[in-house]
Amino acid sequence: RRPLYMAWTWWRYMLSGLVALLAHRMRRLPFFEWEWRAFGGKQYWWHGEGIWCWSHKDCDKILRDNQTRASAFACMQACTPDLFA
């Protein structure tokens, strides 16, 4: 949950993300790659609410390591039914 005083940053992020998605003709892959290039096109970059990596080797290493679990999907907060909470 986000505190109310942070709402303006979230809505600004959402609006700018929508504008960028529209600029890429509503296609998510070019938008995703654009964000990767905007962060230098290196091994790691920020997307959504988390850090992403490009190589399968790094992804495999992350998946085999200890992870903090949360109600999220692709570095974005996700709703979960009370059954799974």
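Scroll up to find the structure this text is about.
Values in this document were obtained by computation on a predicted structure and should not be read as measured data. (Residues numbered from 1 in each chain as written. Predicted model: local features only at pLDDT ≥ 70, side-chain atom pairs only at ≥ 80, totals over all residues. Heavy atoms only, no water.)

Together, L15, L18, V19, L22 and M26 line one region of the surface with nonpolar side chains, adding up to about 490 Å² of accessible area. Here V19 is to be found in helix α1 (residues 7-23). (Patch = residues over 30% accessible without salt bridge, like charges linked within 9 Å, V, L, I, M, F, W, Y side chains within 5 Å. Areas by Shrake-Rupley, 256 points an atom, 1.4 Å probe, with all protein chains shown as cover. Salt bridge = Lys/Arg side-chain N within 4 Å of Asp/Glu carboxyl O. Helix = DSSP H or I, 4+ residues; strand = E, 2+ residues; numbered from the N terminus.)

Now for the packing of aromatic side chains. Under the counting rule described, the total for this entry stands at seven aromatic pairs. Aromatic side chains F31 and W34 sit 6.0 Å apart centroid to centroid with 20° between the ring planes, which places their arrangement in the stacked category. A residue pair is termed a helical-turn pair when its members lie 3 or 4 positions apart in one helix, as F31 and W34 do in helix α2 (residues 28-38) at three residues. Residue F31 is classed as buried on the basis of its relative accessible area of 13%. The class of W34 is partly exposed, set by a relative accessible area of 37%. Between W36 and W54 the ring centres are 4.5 Å apart and the planes differ by 10°, which places this aromatic pair in the stacked class. With a gap of 18 residues between them, W36 in helix α2 and W54 in the loop between β2 (50-53) and α3 (56-64) connect regions that are remote in the sequence. Of the aromatic side chains, those joined through ring pairs into one cluster are F32, W36, W45, W52 and W54. (Phe/Tyr/Trp six-rings, centres within 6.5 Å; stacked < 30°, edge-to-face > 60°. Buried < 20%, exposed > 50% of the residue type's maximum accessible area, 1.4 Å probe, protein only.)

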